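# An overview of the molecular structure
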Amino acid sequence: MGQSIKKLTIEGFKSIRKLGDFELGSLNLLIGANGAGKSNFVGFFRLLRELIEKRLQLEVAKEGGADACLYLGPRVTKQLTAKLYFDKNGYEFTLVPTADNRLIFASETAVFYEGYWATESRTSLGSGHAEAKLKDRKDDPGATARRGVPHYVHEAVSSWVVYHFHDTSATAGVRRQGPINDNEFLRPNAENLAAFLYRTSQTNPTNYAKIREVVRLAAPFFDDFKLRPVPTNPEVIQLEWLQKESDYPFLASQLSDGTLRFICLATALLQPSLPPTVLFDEPELGLHPYALTLLANLFQQAARKSGAYVLQQVIVSTQSALLLNEFAPEDVVVVERAQGQSTFRRLESAKLSEWLQEYSLGELWQKNVLGGRPQSEEAPQPPVSDRDSNADSQQKESNPGDEPL
């Protein structure tokens, strides 16, 4: 079983010059201006997923080569370094650019911590290789156990999923027929949504009922899915649904983009076996304000912890002040871009207590109290506590109903 992320270090990836030992909780909501680096943070996990599945070179080529992946290019950044820590394990690697615009491994290491992280055992997986060796080494026996450290590291990292449901066009996989046996897990773009819901309805009716009910809250006209193999070809399935007080089967093409995206989001968050860490990039796209409230509730239910131990972890990148309203300051990470690089800062309730007596978090973001707004890169945004008095005086001079830029 995989584990969620305790802390991570990313150095030299796109706009993220250096993010060191950054702790992640059960719920992490990233806010910031366009281009601040929120999507680059989420994109790192896409790269990571392809890396451990031995598809690094293909992913780097899709990104535009090593030059596009390194902070300000290879003339400024000589290597990309990442360190991820989870439960008693860690995974570290360093990638360096090649003359033909690829990235190869300068080092790759699996780590095991003993005695409350007092000592560590490091397993080097080599250097100079073009694709990760973690997957190849996951079945290596351990020194004192049947399975070695690479097994547990691969199990954890391979379980983290980045969901991205933006493509709901007429040709998107989620609207088209697909193999009915592609149903073991929900794919990151939900192209197998119909097959996955079909299996869930058969094997986990309780979870299926929850998905159906929350979709009915967001779309009151919706009654249920009609999940069946295509009559002319029982090996494929397509998404069909029923409207209330009607037995006429509608197709996915007759769902609005927003409704279809919400169905994908609800299915991902209410699936029977939720991955230990899930990431969503701007999930608010096309959703009604009430649907955003429902979505926030789903995020909060999915993010679980026991004391200081994170059981389920949710990471969300958003531009929505309405979605932000539903969360506590400690859930929020402000991403800003200063002097050409992304910075990450978690909010603290104590520094916002007086503001929150009169305003919601979304309103404070719009009024630039939290930061995370477009700004000159020459002047990094100061912490909230350093600009409380200045922001307060500005607010007295402004119209409380002013719209954000």
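## What to know about the nonpolar core
Counting residues in hydrophobic clusters, the biggest one holds 69 residues, and the most contacted among them are Leu 193, Leu 239, Phe 280 and Phe 299. A per-element tally of this core places helix 8 (residues 257–270) first, with nine residues. Setting aside residues up to four positions removed in sequence, Phe 280 forms contacts with Tyr 163, Phe 165, Leu 265, Ala 268, Leu 269, Phe 299, Val 314, Ile 315, Val 316 and Ser 317. Counting residues in each nonpolar core, the second largest holds 47 residues, with Ile 16, Leu 80, Leu 84 and Ala 132 among its members.

## Focus on the packing of helix 7 (residues 205–218) against helix 8
Close contact between helix 7 and helix 8 brings their axes to 9 Å; oriented N to C, the two are set at 145°. Crossing geometry of helix 7 relative to helix 8 is assigned as right-handed. Note on element contacts: helix 8 touches helix 7 through Phe 262, Ile 263, Ala 266, Thr 267 and Leu 270, opposite Asn 207, Lys 210, Ile 211, Val 214, Val 215 and Ala 218. Residues that form the contact of helix 7 with helix 8 fall into these classes: eight nonpolar, two polar and one charged.

## A closer look at the sheet that holds strand 13 (residues 240–243)
The strand order across the open sheet built from three strands is 10-13-14, with neighbouring strands paired in antiparallel fashion. One side of each edge strand has no neighbouring strand; the edge strands of this open sheet are strand 10 (222–225) and strand 14 (249–251). The average angle at which neighbouring strand axes cross in this sheet is 40°, direction not considered. Of the strand pairs in this sheet, strand 13 and strand 14 are connected by three bridges, and their pairing is antiparallel. Each residue of the ladder has a partner; that of Glu 240, found in strand 14, is Leu 251.

## A word on helix 9 (residues 289–302)
Compared with the 20 Å implied by 1.5 Å per residue over 14 residues, the 20 Å span of helix 9 between its first and last C-alpha is a close match. Every buried residue of helix 9 is accounted for by Ala 291, Leu 292, Leu 294, Leu 295, Ala 296, Leu 298, Phe 299 and Ala 302.

## As for the environment of Pro 188
Among the secondary structure elements, Pro 188 is positioned in the loop between strand 9 (178–179) and helix 6 (193–203). Leaving out residues up to four positions away in the same chain, Pro 188 has contacts with Val 161, Val 162, Tyr 163, His 164 and Phe 165.

## Some words on the confidence of the model for the chain
Averaged over the chain, the pLDDT score is 90; the fraction of residues at 70 or greater is 90%. Contacts from residues 385–391, a stretch scored under 50 in pLDDT, to residues over four places away or in other chains number twelve contacts. Contacts from residues 393–405, a stretch scored under 50 in pLDDT, to residues over four places away or in other chains number seven contacts.

## A few points about helix 7
In an α-helix, one turn spans 3.6 residues; hence positions three or four apart end up facing the same way. Taking 1.5 Å as the rise per residue, helix 7 with 14 residues should run 20 Å; its terminal C-alpha atoms sit 20 Å apart, in good agreement. Within helix 7, burial applies to Asn 207, Tyr 208, Ile 211, Val 214 and Val 215. Viewed along the axis of helix 7, the buried residues span an arc of 135°, placing them on a single side of the element.

## Examining the packing of aromatic side chains
Applying the stated criterion to the full structure yields 20 aromatic pairs. Seen from their ring centres, Phe 222 and Phe 225 are 4.9 Å apart, and the 65° between their planes marks the pair as edge-to-face. Each member of the pair, Phe 222 as well as Phe 225, carries the same accessibility label: buried. When the centroid spacing of 4.7 Å and the interplanar angle of 25° are considered together, the rings of Trp 241 and Phe 250 count as stacked. Summarising the burial analysis for this pair, Trp 241 and Phe 250 share the class buried. Sitting over the ring of Tyr 85, Lys 7 keeps its end group 5.5 Å from the ring centre.

## Considerations on the pattern of salt bridges
The final tally for this structure, using the stated rule, is 19 salt bridges. The residue Lys 14 makes a salt bridge to Glu 63 at a minimum N-O spacing of 2.6 Å. With Lys 14 in the loop between strand 1 (7–13) and strand 2 (16–23) and Glu 63 in helix 2 (residues 56–63), this residue pair connects regions lying 49 residues apart in the sequence. Via salt bridges that share partners, Arg 212, Glu 213, Arg 216, Asp 223 and Asp 224 belong to a single interconnected network.

## So, the pairing of strand 6 (residues 103–114)
Alignment of strand 5 (residues 89–97) against strand 6, held across nine bridges, turns out to be antiparallel. Each bridged residue has a counterpart across the sheet, and for Leu 95 the counterpart in strand 6 is Phe 105. Hairpin connection of strand 5 to strand 6: five residues between the antiparallel strands, including Asn 101 at a positive phi of 70°.

## Concerning the packing of helix 1 (residues 38–52) against helix 2
Where helix 1 contacts helix 2, the two axes come as close as 7 Å, and the packing angle between them is 145°. Residue-level contacts link Leu 47, Glu 50 and Leu 51 of helix 1 to Leu 56, Glu 59 and Val 60 of helix 2. Across the contact of helix 1 with helix 2, the residue classes break down as four nonpolar, no polar and two charged.

## Examining the pairing of strand 13
When strand 10 meets strand 13, the two strands line up antiparallel, connected through three bridges. Among the inter-strand pairings, Phe 222 is bridged to a residue of strand 13, identified as Gln 243. The turn joining strand 13 and strand 14, which pair antiparallel and follow one another in sequence, is formed by five residues; a positive phi near 60° is taken by Glu 245.

Rules used throughout
- Residues numbered from 1 in each chain as written.
- Predicted model: local features only at pLDDT ≥ 70, side-chain atom pairs only at ≥ 80, totals over all residues.
- Heavy atoms only, no water.
- Core = buried A, V, L, I, M, F, W, Y, C linked by side-chain atoms within 4.5 Å.
- Buried < 20%, exposed > 50% of the residue type's maximum accessible area, 1.4 Å probe, protein only.
- Helix = DSSP H or I, 4+ residues; strand = E, 2+ residues; numbered from the N terminus.
- Contact = heavy atoms within 4.5 Å.
- Axes fitted to C-alpha atoms, helices over the stretch in contact; angles between N-to-C directions.
- Left-handed = near helix turned anticlockwise from the far one by under 90°.
- Nonpolar A, V, L, I, M, F, W, Y, C, P; charged D, E, K, R; others polar.
- Pairing = 2+ DSSP bridges.
- Expected span 1.5 Å × (residues − 1).
- pLDDT = per-residue confidence, 0-100.
- Arc of directions from axis to C-beta.
- Phe/Tyr/Trp six-rings, centres within 6.5 Å; stacked < 30°, edge-to-face > 60°.
- Lys NZ or Arg CZ within 6 Å of the ring centre and 35° of its normal.
- Salt bridge = Lys/Arg side-chain N within 4 Å of Asp/Glu carboxyl O.

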